[in-house]
Amino acid sequence: MARARATPASAWTHDARNRVAVGRGVRLRYVSRADVKFMHDEIFERECYGCAAIADGAKRAGVVIDVGANVGLSALWFAARSDAVIACEPIPRTFAALVENVGARENRGGETTTRDAATTCGVRGVEIKGAARDGRGMATVYAHDVGVGGERRDAADFVEFPRAAGWATRENARDDAETTENLIAYVLDALKGDGGGDDGLESNVVVGAGRWLRARVADDDDDATPLRRLASVIASFVLRVAVRCVAAYMLSGARVVKRPVVTVSDLIEAHGLDSVDLLKIDVERAELDVLNGVDETDWGKIQRVHLECHDSNFDRAVEVLKSKGAFDVVRVDALFGSARLRNIRASRRVAS
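The rules we used
Residues numbered from 1 in each chain as written. Predicted model: local features only at pLDDT ≥ 70, side-chain atom pairs only at ≥ 80, totals over all residues. Heavy atoms only, no water. Buried < 20%, exposed > 50% of the residue type's maximum accessible area, 1.4 Å probe, protein only. Helix = DSSP H or I, 4+ residues; strand = E, 2+ residues; numbered from the N terminus. Pairing = 2+ DSSP bridges. Expected span 1.5 Å × (residues − 1). Contact = heavy atoms within 4.5 Å. Salt bridge = Lys/Arg side-chain N within 4 Å of Asp/Glu carboxyl O. Patch = residues over 30% accessible without salt bridge, like charges linked within 9 Å, V, L, I, M, F, W, Y side chains within 5 Å. Areas by Shrake-Rupley, 256 points an atom, 1.4 Å probe, with all protein chains shown as cover. Axes fitted to C-alpha atoms, helices over the stretch in contact; angles between N-to-C directions. Parallel < 35°, antiparallel > 145°, perpendicular 65-115°, else oblique. Left-handed = near helix turned anticlockwise from the far one by under 90°. Nonpolar A, V, L, I, M, F, W, Y, C, P; charged D, E, K, R; others polar. Polar contact = N/O pair within 3.5 Å; in protein donor to acceptor, adjacent residues only side chain to side chain.

### Here's the deal with the pairing of strand E15 (residues 278-281)
No. 1: Neither face of E15 is left uncovered, since the one carrying Leu 278 and Lys 280 and the one carrying Leu 279 and Ile 281 both have all their residues buried.
No. 2: Pairing between strand E4 (residues 61-67) and E15: four bridges, direction parallel. Looking at the pairing, Asp 66 lines up with Lys 280 of E15.
No. 3: Relative to strand E16 (residues 304-310), E15 is paired through three bridges, and the arrangement is parallel. Its bridge partner being in E16, Lys 280 is matched across the sheet by His 306.

Printed below as a string of structure tokens:
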């Protein structure tokens, strides 16, 4: 059955003073406006975390560990499809938005109880109890304002980007050049559409001009006339320069913050878990460090892994999942056109 056309981007309204966006049935506290539609489209419209046991509404996953939870959209998606979500986000202002978004009545339905959770590896968390929504329970979310890495540390350097919260990462994993190139690849791919779908771009004059320019890029059209090819070169050059300027603006104002770090095994032990249905990792080039924080004895407890992986870590990440993790299925999907990013999905059961 064909999926219904996505709600137009104009359905989102933004309160810039309070950093609140409303649209598509949710109310979101955000850190950077550019993330709102992009993340919602990726998680809720394209269902990037969908798999046989989680996307099917008739089934519920067990426990999901959400590493790199950002402002909580992924935690909300998992909460409607699992029994419990353990969400970790180290950047203070982003974590505050996560707690507000996951606990918002508009997002979960009914009344929600928020309280301090038990101390996890020396760091207290926030427990957000599940609430009824449309006759179905929402999972309890345990939110922890910590980073997740290869070893427990009292403090490590993280870099935050107030204008692009989704790019936050460990300071030693920062790579502005790769981030810029990936943004160019994503935007050039997204601008191919007409703006009526779930491409993650807002609908405004600037994006409209970008779509007009993108339509003049010939790509691999071998039959293009010389004039068409010249116009394509000019349009492509202008677009790339424009996106580089946008990337520079989004990267500006970066700040380094010191935050505690725990491991995946620390989380498993602290929550007394015998099984983890899904380990989701989205940490901007620090993914290998997270995988290295899984003890040998805990790999067998993890049933699935969904990993956003940068090319520099790809071969090693697949090796870890196939050897230490010993997963039966390791599927790789490209993300945004020629961007140096891939989704790795590892499972112990054959995907249907």
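### Quick word on helix H5 (residues 176-190)
No. 1: With 15 residues, H5 should reach 21 Å at 1.5 Å per residue; the first-to-last C-alpha distance of 21 Å fits that figure.
No. 2: Here H5 lies mainly inside the structure; eleven of its 15 residues are buried.
No. 3: Residues of H5 that are buried: Glu 178, Thr 179, Thr 180, Asn 182, Leu 183, Ile 184, Ala 185, Tyr 186, Val 187, Leu 188 and Ala 190.
No. 4: For H5, the elements touching its buried residues are helix H1 (34-45), helix H6 (205-214), helix H7 (226-251), E16 and strand E18 (341-347).

### Considering the environment of Val 63
No. 1: With respect to the helices and strands, the residue Val 63 is situated in strand E4.
No. 2: Given a relative accessible area of 16%, Val 63 falls into the buried group.
No. 3: In this structure, Val 63 is in contact with Ala 84, Ile 86, Leu 273, Ser 275, Val 276, Asp 277 and Leu 278, ignoring residues within four places of it in sequence.

### A short note on the pairing of strand E3 (residues 26-29)
No. 1: Side chains Val 26 and Leu 28 project from E3 onto a buried face, and the interleaved Arg 27 and Arg 29 project onto a face without burial.
No. 2: Taken together, the four bridges between strand E2 (residues 20-23) and E3 define a ladder with antiparallel strand orientation. When the bridges of E3 are listed, Ala 21 appears paired with Leu 28.
No. 3: The hairpin turn running from E2 into E3, its antiparallel successor, is two residues long, and Arg 24 in that turn takes a positive phi close to 50 degrees.

### Points about the sheet that holds strand E11 (residues 147-148)
As a general point, the strands of a sheet are linked pairwise by backbone hydrogen bonds and lie either parallel or antiparallel.
No. 1: Strand order in the open sheet formed by four strands is E11-E14-E12-E13, and the pairing between neighbours is mixed. Looking at strand neighbours, the two that pair on one side only are E11 and strand E13 (169-170), the edges of this open sheet.
No. 2: One ladder, built from two bridges, connects strand E12 (residues 153-160) with E13; its direction is antiparallel. The partner of Phe 158 across the bridge, within E13, is Arg 170.

### Observations concerning unusual backbone geometry
No. 1: Unusually for a residue other than glycine, Arg 24 sits at a positive phi of about 50 degrees.
No. 2: Mapped onto the elements, Arg 24 comes out in the loop between E2 and E3.
No. 3: The phi torsion at Asn 70 lies on the positive side, around 55 degrees, for a residue other than glycine.
No. 4: With respect to the helices, strands and loops of the structure, Asn 70 is situated in the loop between E4 and helix H2 (73-79).

### Examining the pattern of salt bridges
No. 1: Evaluation of the coordinates by the stated rule reveals 26 salt bridges.
No. 2: Arg 29 is the salt-bridge partner of Glu 100, the closest N and O atoms lying 3.1 Å from each other. Separated by 71 residues along the polypeptide, Glu 100 in helix H3 (residues 92-103) and Arg 29 in strand E3 bring together distant segments of the chain.
No. 3: Take Glu 100: its relative accessible area is 29%, and that puts it in the partly exposed class.
No. 4: The network of salt bridges with shared partners includes Arg 24, Lys 37, Asp 41, Glu 45, Asp 199 and Arg 211.

### Things to note about a nonpolar patch on the surface
No. 1: A surface patch of nonpolar side chains, about 590 Å² in accessible area, is lined by Leu 227, Leu 230, Ile 234, Phe 237, Val 238 and Val 241.
No. 2: Along the chain, Leu 227 turns up in helix H7.
No. 3: The exposed category is assigned to Leu 227, whose relative accessible area is 65%.

### Topic: the environment of Ala 69
No. 1: With respect to the helices, strands and loops of the structure, Ala 69 is situated in the loop between E4 and H2.
No. 2: According to the relative accessible area criterion, Ala 69 is buried, its value standing at 2%.
No. 3: Distance from Ala 69 to Ala 143, taken between C-alpha atoms, is 9.0 Å for residues 74 residues apart in sequence.
No. 4: Ignoring anything within four residues of it in the chain, the contact list for Ala 69 reads Ser 74, Ala 87, Cys 88, Glu 89, Leu 98 and Lys 280.

### Here we look at the packing of H5 against H7
No. 1: Running from N to C, H5 and H7 cross one another at 130 degrees; their axes reach a closest spacing of 9 Å. Taken together, H5 and H7 sit at an angle that is classed as oblique. Here H5 and H7 pass one another in a crossing that is right-handed. When H5 is examined against H7, the residues Asp 176, Thr 179, Thr 180, Glu 181, Leu 183, Ile 184, Val 187 and Leu 188 are found in contact with a partner set consisting of Leu 239, Arg 240, Val 243, Arg 244, Ala 247, Met 250 and Leu 251.
No. 2: Counted by class, the contact of H5 with H7 contains nine nonpolar, two polar and four charged residues.

### Regarding the side chain of Asp 41
No. 1: Inspection of the secondary structure puts Asp 41 in helix H1.
No. 2: Given the relative accessible area of 0%, Asp 41 is considered buried.
No. 3: Polar side-chain contacts of Asp 41 include one of 2.7 Å to the side chain of Arg 24.
No. 4: In this structure, Asp 41 is in contact with Arg 24, Arg 46, Gly 197, Asp 198, Asp 199 and Gly 200, ignoring residues within four places of it in sequence.

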